[in-house]
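So the chains spell out like this:
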Amino acid sequence: MKDCIFCKIINKDIPATILYEDDKTFVFLDIAPATQKGGHTLVMPKNHYELVSEMSDDDSKAVMLTIKKLALALSKAALLSIPPTRPTLWVATRPTRRQ
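Remember, it's a predicted structure, so these values are computed and weren't measured experimentally. (Residues numbered from 1 in each chain as written. Predicted model: local features only at pLDDT ≥ 70, side-chain atom pairs only at ≥ 80, totals over all residues. Heavy atoms only, no water.)

Chemist: Sorry, what's going on with the confidence of the model for the protein chain here?
Modeler: Residues shown with low pLDDT carry predicted positions that ought not to be read at fine detail. For the protein chain, the average pLDDT comes to 82, and 72% of its residues sit at 70 or higher. Looking at the elements of the protein chain, mean pLDDT is at its lowest for helix H2 (residues 57-78), recorded as 88, and at its highest for strand E1 (residues 18-21), recorded as 94. (pLDDT = per-residue confidence, 0-100. Helix = DSSP H or I, 4+ residues; strand = E, 2+ residues; numbered from the N terminus.)

Chemist: Any chance you could explain the pattern of salt bridges here in plain terms?
Modeler: Two side chains bearing opposite charge may form a pair once their charged atoms approach each other closely. All told, the structure shown has three salt bridges when counted by the stated rule. One salt bridge connects Glu21 with Lys46, and the closest N-O pair in it is separated by 2.8 Å. Taken together, the residues Glu21 in strand E1 and Lys46 in the loop between strand E3 (41-45) and H2 connect sequence positions 25 residues apart. A relative accessible area of 33% means that Glu21 is categorised as partly exposed. When its relative accessible area of 27% is taken as the criterion, Lys46 is described as partly exposed. Between Asp59 and Lys24 there is a salt bridge whose closest N-O contact spans 3.8 Å. Of this pair, Asp59 sits in helix H2 while Lys24 sits in the loop between E1 and strand E2 (25-29); the two residues are 35 residues apart in sequence, bridging distant segments of the chain. One salt-bridge network, in which partners are shared between bridges, spans Lys12, Glu21 and Lys46. (Salt bridge = Lys/Arg side-chain N within 4 Å of Asp/Glu carboxyl O. Buried < 20%, exposed > 50% of the residue type's maximum accessible area, 1.4 Å probe, protein only.)

Written out as C-alpha cells, the structure is:
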C-alpha cells in the first residue's frame, strides 16, 4: 500500500533498526517503544494487510514461526540479563492513531 508506514519501512524507504528478515517476514524495533525500558519489537508480514484476520494462512504461519524464533533468541538472551526479561505477544487488530 502506497501510504502505509510499515510498507515503507519493509521496502526500506524509511530507515529502521532491522533485527531479522526473511522472504515472508520483517522484524524491526519501534521508534516509540511501549515501555521506557525499550524492547518494543514489531514482527510484520512483508505482504500488506490492514487486519490480522485478512492474512493468508501462509503469511500467518510465517509470522508465528518468526515470533517463535525471536522468542527463543530473547529467552536465551534473558539468561544473561539481570533481572531476566520475558517476551510478550501483542496482536494489533485495528490501526492505531499513530499508524
